[in-house]
Each structure stands twice: as structure tokens, then as C-alpha cells.
Amino acid sequence: MLRNTNLAVYWGQDSYGANNPSDTANWQQPISYYCNDDAIDTFPIAFLDQFFAAGGLPSINLANSCPNTPFPGTSMPNCTFLGPDIETCQAAGKILTISLGGATGSAGFSNDSQAQAFAQTIWDLFLEGSSPDRPFGSAVLDGVDLDIEGGSQTGYAAFVTALRALMAKGSKQYYITAAPQCPYPDAYIGTTLNTVGFDAVYVQFYNNYCGLNNYNNTNAWDFSTWDNWAKTISPNRNVKVYIGAPASSSAAGSGYVDASTFASIIQQTQRQYSSFGGVMLWDASQAYANSRYDRAVKSALTAGGTVGATSAGTSSTAGVSTAGTGAGTTTATATTAAATASSTATPSGTSCSGVSAWSSAIAYVGGDQVTYNGQLWTAKWWTLNDVPGGPAGVWTDTAFC
């Protein structure tokens, strides 16, 4: 997620089919259908829409993709037949996460203790934990997305913190993302975003005054505000900000722009802001029915993108007020490792010029590099305040400086 050419596309709700019930040929397909090319990088699976349903377990709603009966004593549908499809997509290099909430979801916590226990439930049902009620069987997803569009913010920071602790002990890299709406700060997840680190935010620039349709309105378009949040307020100063967009005119009430217009917006934003991570689309069914809108978006991203944007992103055409300067914590841009870098240490004498020293106040993500005690270290996954060479085991000893 360190690149600025990523495309995340939600799958699960068959948005096109819901709006076009007679056009069955373009209804949502199994998720593996969308993994056959390089257009889409990440699939948030939508949605886990009830946190506490029958039997005390959550429930998922995948529209036409899993109408199966629930596991006994629960409301969790048995979708284990989707497990091989999920693993097929992961084998193709895709990231698949479970998205919690949604516009009509019943989400929320009474207190931090409940939220912390729910983190264990999510770990057991979707990640590396164990449960007889795993909806996707043995398939292990790559993380969690929070699309919280209602209710109180109570417990969400505790949930993310507890989930991070479980992920840190896992056998692979995991991601936590959120999908706030573009008015800043987001009313339902904004405080959480300021409290705990996320790997990326899929900002919904639609169905609001700050939508893509108002890109040229200096009093509306506010990507600069989110860029400022990423660099001065977010606990993870390497967090990536995505432009969330409808994949067709029927995918949202407002905010849709044609592929040519969007390509221009993407490339301008990509050049201007180093926090830019890519684009999120709602949703896969809409994108495919709209002449492969996802493919046009990916072409725009790769035409102007790099592995890591380096522009300062301090100027903006938007005339909205920006967020404050944060709590005075140190900011730094860690050097990212090449995607194919070996975990084996290189010979002594490697130049560490330009690589920042490790700091306990900075959140790092997989691939980030730091210096510590005269050595070059590479992060395996997201980490905060874990000393290189320490017991957490989140750093690889890459070389001597």
C-alpha cells in the first residue's frame, strides 16, 4: 500500500444488479471473476453489516453472492464455497479484506472491553484464528476495512489497537483501512482516525458537497485537508489517502465523473500530494458494467504514478480550511524497500545515506527502512514503538551501514 498507483474496488453488494434488476448479464459475479487481470489491487468484501447478531456473532451480507443458510444458532451465513475463490485472488497478488459497517449496517460498541473482545471474534472468523463458524472456511483474509457511517465512535480505537496486537503475532502482513466520507473530520470515524494508525483511508468523495463533481470548486474539494491530516495528525504518517469514487452514474447519488475527467483529476492529485495512494471505487459490478471503468482508472494511475510519491503536497487549489498541526510529534518519511528486496543482510559497508533513524513516535508499514545501532532495518508490516531487533520480531536486519 506504499505505492500511489493502487486501485481498491468494493465487492459483495452487487450495486449494479440492485439498480438494474432486469440486466442479469451484468449482475455481480464471483469475486475470482474480477481477479483475472492487473486492474484491481485490493478488494474490500462488503459487508459485515451486523456486529452482534444471533448467537453473539456478527453477520455478513453479500447480496446475491451468498444466499446460504447460517451456521446453526447464528446469523452468519455459511459461505465456505467462496474460500477457494478468495485464495485464487490472493494467489494472483490481490489483497482481500472484510469491510465492517456500510451505509445501512448495525455497527458499534458499548465500551472498549466489548470492542476488544470483538477484535478477537474478527480474528477468529476471518483471519488466523479458529472458529467453527468461519464464513469463508480456511481462507485467511488480509485485513479489515472500517466503513462506519453511523452511530457512536465508542470503542473503535480499542478495537483497532487490539486487532493490531493480534495481527502483529500473525504469520503474514495485514492491513487496516477506513472509508470516511470527505467532509473533514468524519463524524463517525474521525476521532478514531486521529487516535490509532491506519494503513490507508478510502475517502468517499461522493454523495457530499466535497465530491468529485465539485473538483473545480475551491470551496468544496478538500483533498488538501486529508493530505494535511495524513502528514500532521494521523498516528501513521505514512498513511495513504485514496480518492473514493462511484464507478458509474448509478453507483451513487452524486460524485460520478466520466473516465476522461477522472483521469485528469487522478494525475493532478497524484503529482501534487505525496500522501496520495490511489483510487477506491464503488463497486466492482458497476465498474465492469460501465465499460470497465476500473481499467480506465488503473491506466490513469499507472500513466503518472511511481512507487512512492515524493512531492511535498503543501499547496492546493482547494480553499477550505486545513486541519491543525497536530500534537507536535515528529514526522518523517521512511525510505521504502524495493518490492523484491531480499531479507538476507547485504555485505557490510552498505550506504545508509538518506535513511532516517528509527523513532518510537513514528508508525512504519511493511517495506519501510530505518537505521538503528549502526544497522539498516526493514519493516515486515505495520509497527509502532517496536524496537528493531526487539522481541516483536517486526524488523528484518537488512545490512550493516
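One structure accompanies this document, and this report is about it. In this text, all values refer to a predicted model and were calculated from it rather than measured experimentally.

Observations concerning the side chain of Thr192
Relative to the assigned elements, Thr192 resides in helix H5 (residues 190-195). Take Thr192: its relative accessible area is 2%, and that puts it in the buried class. For Thr192, the contacting residues outside a window of four places in its chain are Gln153, Tyr156, Ala157 and Phe198.

Remarks on helix H9 (residues 293-304)
Between its first and last C-alpha, H9 extends 18 Å over twelve residues, near the 16 Å set by a 1.5 Å rise per residue. All buried positions along H9 are accounted for by Tyr293, Asp294, Val297, Lys298, Ala300 and Leu301. Buried residues along H9 cover an arc of 160° about the axis, so they all sit on one side. Buried positions along H9 lie against strand S1 (6-9), strand S8 (240-246), helix H7 (259-272), strand S9 (276-282) and helix H8 (284-289).

Focus: the pattern of salt bridges
Tallied over the full model, the rule gives eight salt bridges. Lys298 is paired through a salt bridge with Asp41; the nearest N and O atoms lie 2.6 Å apart. Placement of the pair is Lys298 in helix H9 and Asp41 in the loop between helix H1 (15-19) and strand S2 (42-50), with a sequence separation of 257 residues. Accessibility expressed as a relative area gives 10% for Lys298, which makes it buried. We classify Asp41 as buried; its relative accessible area is 13%. The closest approach of N and O atoms between Asp294 and Arg292, which form a salt bridge, is 2.8 Å. Exposure class is identical for Asp294 and Arg292. Each is buried.

Let's talk about the packing of aromatic side chains
Under the counting rule described, the total for this entry stands at 30 aromatic pairs. Aromatic side chains Phe51 and Tyr156 sit 6.4 Å apart centroid to centroid with 70° between the ring planes, which places their arrangement in the edge-to-face category. Of this pair, Phe51 sits in the loop between S2 and strand S3 (59-60) while Tyr156 sits in helix H4 (residues 156-168); the two residues are 105 residues apart in sequence, bridging distant segments of the chain. Judged by its relative accessible area of 1%, Phe51 falls in the buried class.

Criteria and thresholds
Residues numbered from 1 in each chain as written. Predicted model: local features only at pLDDT ≥ 70, side-chain atom pairs only at ≥ 80, totals over all residues. Heavy atoms only, no water. Helix = DSSP H or I, 4+ residues; strand = E, 2+ residues; numbered from the N terminus. Buried < 20%, exposed > 50% of the residue type's maximum accessible area, 1.4 Å probe, protein only. Contact = heavy atoms within 4.5 Å. Expected span 1.5 Å × (residues − 1). Arc of directions from axis to C-beta. Salt bridge = Lys/Arg side-chain N within 4 Å of Asp/Glu carboxyl O. Phe/Tyr/Trp six-rings, centres within 6.5 Å; stacked < 30°, edge-to-face > 60°.

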